[in-house]
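Below are the chains, spelled out letter by letter.
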Amino acid sequence: MWSNYFYSHDIMGMCCRCPYFTYCSNTRSSRQRQFTLEELAQYDGSGGKPAYAVVGGIVYDVSLNPAWGGGSHFGLIAGRDLTAQFEGCHSMNGVLAKLPQVGVLI
Amino acid sequence: MHQFHCPVVDSKGKTARELMNIAAKEASEGRVRKMNLIWLEAAGCSGNIISLLDAKYHDLLFFLSNVVDMRYSNSLMAAEGHKAYQQFLDTLKTEFILVVEGAVATKAEGRYNIIARDGERPVTSMEAVKLAGSAAKYIVTAGVCSSYGGVSAASPNPSGSVSVPDFLQREVIRIPGCPGHPEWIMGTIAHLVYLGRPETDDEGKPLMFYGITIHDRCSRRSYFDKGIFAEKLGDKECMFKLGCRGPITRTDCPVREWNHNVNWPVEDNTPCIGCARRGFPDGMEPFVRY
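Residues numbered from 1 in each chain as written. Chains lettered and ligands numbered in written order. Predicted model: local features only at pLDDT ≥ 70, side-chain atom pairs only at ≥ 80, totals over all residues. Heavy atoms only, no water.

K.L.:
Tell me about the overall build of chain B, and please be specific about residues and values.
P.N.:
Scanning chain B from N- to C-terminus turns up 11 helices and 9 strands. In terms of overall size, chain B behaves like a compact globule, its C-alpha atoms giving a radius of gyration of 20 Å where 290 residues would be expected to give roughly 19 Å. Taken along the three principal axes of its C-alpha coordinates, chain B extends 65 × 50 × 40 Å. Looking at chain B as a whole, 56% of its 290 residues are labelled buried. Accessible area for chain B stands at about 13200 Å²; split by element, carbon and sulfur atoms hold 51% of it. Of the side chains in chain B, 34 bear a positive and 34 a negative charge, and the two mean positions are spaced by 2 Å. (Helix = DSSP H or I, 4+ residues; strand = E, 2+ residues; numbered from the N terminus. Rg over C-alpha atoms; globule rule 2.2 N^0.38 Å. Buried < 20%, exposed > 50% of the residue type's maximum accessible area, 1.4 Å probe, protein only. Areas by Shrake-Rupley, 256 points an atom, 1.4 Å probe, with all protein chains shown as cover. Lys, Arg positive; Asp, Glu negative; His and termini not counted. Charge placed at Lys NZ, Arg CZ, Asp CG, Glu CD.)

What follows is the structure, encoded as structure tokens:
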């Protein structure tokens, strides 16, 4: 069903909505990209760049998330480790499960 | 299959104009049931009473003739000084709607915001809102400051301003906006007078005006769906990547528009800044990001 997307690493689009996404070996390489804090800082959503945010060591792509207009979210800017801010605001109610993963923080 | 019921569909027959027309019909058939109304300007900019004055469909004269008896208003009433404050006190003994615009300043026992004098004694908005809030049949918070704290409560909040529902610890009907659209305010009050409490969301905002997001009705939505974004102000495409808050703000600005239904921010090439929602302005910043 998702075979059209297996070789395009389309984790922004259809793959992240697939129920087997977490287990899928075809997209695992995209989700295992490693970021240092320095590299992460580039992806702050400014100038049309992607907006990435880290929670619990996982790098999420929030570029098209409705609550992240302009790479900013209730006073926070993308391109940072926002674990503490996330835990201080969101209960674990499935917010993270809906976000595309692009890698891990090292 | 998840069944989604659009909250706006049911309210399509209850537009602001329709509600006001009900008021006119009741008046013409001799069944005028105007309610008393107290309009308090607390710690704010008076933007909402000015917005109300700008109403056209219908206008303020129609509103005052057919829907409410505005017994007290800092800006509009003819009486001054103690006579004005006495009218406020007298109205508290009747059945009335309380409209508050501006937040409640609580620091220094409320002395950051004096709105009247009782003889020689200054009356703070804190005291007036407390008095009227405990006696009102309905409380309507006009504008984002009274609804959520808004600009008056923005960091570092030197006046200790808080929203009216947080101050009174009582359920209110919120009409947020900076300012609130006159049709949202008058439509809600007309509904209260003739049809009782309107259906609201879990924050007390009437669904007929705040049912779905700006994003859902945006004139530039197809650009967003295709991933075509404006790179700077003045571009005609979707301004999401410049910081538009349309996706998280629930109002009908794209269809109702402002200033006699002429235009609205996005079609004037500026992104939505989320002025009608919790968190404005601090949580909605930066308004534009390049």
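After that view, the rundown keeps rolling.
K.L.:
Now, about the sheet that holds strand β1 (residues 34–35) of chain A: what can you tell me, with residues and values included?
P.N.:
Residue and element names in this part refer to chain A. On the basis of which strands lie adjacent, the open sheet formed by 5 strands has the order β1-β7-β3-β2-β6 and mixed pairing. Among the strands making up the open sheet, the edge pair consists of β1 and β6 (80–81). Where β1 lies against strand β7 (residues 101–105), 2 bridges are found, and the strand directions are parallel. Considered in β7, the bridge of Q34 is made with V104. (Pairing = 2+ DSSP bridges.)

K.L.:
Please set out the packing of aromatic side chains residue by residue, giving values where relevant.
P.N.:
All names here are of chain B. Inspection of the entire model under this criterion finds 11 aromatic pairs over all chains. An angle of 85° between the planes, with centres 6.0 Å apart, marks the rings of F224 and F229 as edge-to-face. Note on accessibility: F224 and F229 belong to one class, buried. Over the ring of F167 we find K130, and its NZ or CZ is 5.6 Å from the ring centre. (Phe/Tyr/Trp six-rings, centres within 6.5 Å; stacked < 30°, edge-to-face > 60°. Lys NZ or Arg CZ within 6 Å of the ring centre and 35° of its normal.)

K.L.:
Lay out the sheet that holds strand β2 (residues 68–73) of chain B in plain terms, naming residues and giving numbers.
P.N.:
Residues and elements named next belong to chain B. The strand order β2-β1-β3-β7-β9 describes an open sheet built from 5 strands, whose pairing is parallel. For this open sheet the edge positions go to β2 and β9 (173–175), each flanked by a neighbour on one side alone. Mean inter-strand twist for the sheet, computed between neighbouring axes without regard to direction, equals 25°. Examined bridge by bridge, strand β1 (residues 35–41) and β2 share 5 bridges and lie parallel to one another. Considered in β2, the bridge of W39 is made with S73. With respect to the sheet, helix α4 (residues 81–91) is in contact with β1, β2 and β3 (96–101), its orientation differing from that of β2 by roughly 130°. (Axes fitted to C-alpha atoms, helices over the stretch in contact; angles between N-to-C directions. Contact = heavy atoms within 4.5 Å.)

K.L.:
Provide a residue-level description of the pattern of salt bridges, including the pertinent values.
P.N.:
All names here are of chain B. Applying the stated criterion across every chain, the model contains 20 salt bridges over all chains. In this structure, R221 and D216 form a salt bridge, with 3.4 Å as the shortest nitrogen-oxygen distance. For D235, the salt bridge goes to K232, with nearest N and O atoms at 2.9 Å. The class for K232 is partly exposed, based on a relative accessible area of 45%. (Salt bridge = Lys/Arg side-chain N within 4 Å of Asp/Glu carboxyl O.)

K.L.:
Lay out the state of the cysteines in plain terms, naming residues and giving numbers.
P.N.:
All names here are of chain B. Under the definition given, this model contains 0 disulfides over all chains. Residue C253 stays outside any disulfide, its sulfur separated by 6.4 Å from that of C275, the closest cysteine. Looking at C253, the relative accessible area reads 9%, which means it is buried. (Disulfide = S-S within 2.5 Å.)

K.L.:
Report on the domain arrangement of chain B, specifying residues and quantitative values.
P.N.:
All names here are of chain B. According to the domain assignment, chain B consists of domain 1 (9–210) and domain 2 (215–284). Listed by partner, the interface residues are 23 residues for domain 1 and 17 residues for domain 2. Together domain 1 and domain 2 conceal approximately 1700 Å² of surface at their shared face, both sides included; 55% is due to carbon and sulfur atoms. Summed over the three residues of domain 1 that lose the most area to domain 2, namely Y148, H181 and W184, the buried surface amounts to 26% of that side. (Domains from an automatic or database assignment. Buried area = accessible area lost by both parts, 1.4 Å probe.)

K.L.:
Can you explain the side chain of T213 of chain B? Please cite residues and give values.
P.N.:
All names here are of chain B. Looking at where T213 falls in the secondary structure, it is placed in the loop between α9 (207–210) and α10 (221–225). For T213, a relative accessible area of 9% translates into the label buried. A polar contact of 3.1 Å, which involves the side chain of T213, links it to the side chain of D216. If we skip the residues at most four places from it in the chain, T213 touches G246, P247, T249, R250 and T251. (Polar contact = N/O pair within 3.5 Å; in protein donor to acceptor, adjacent residues only side chain to side chain.)

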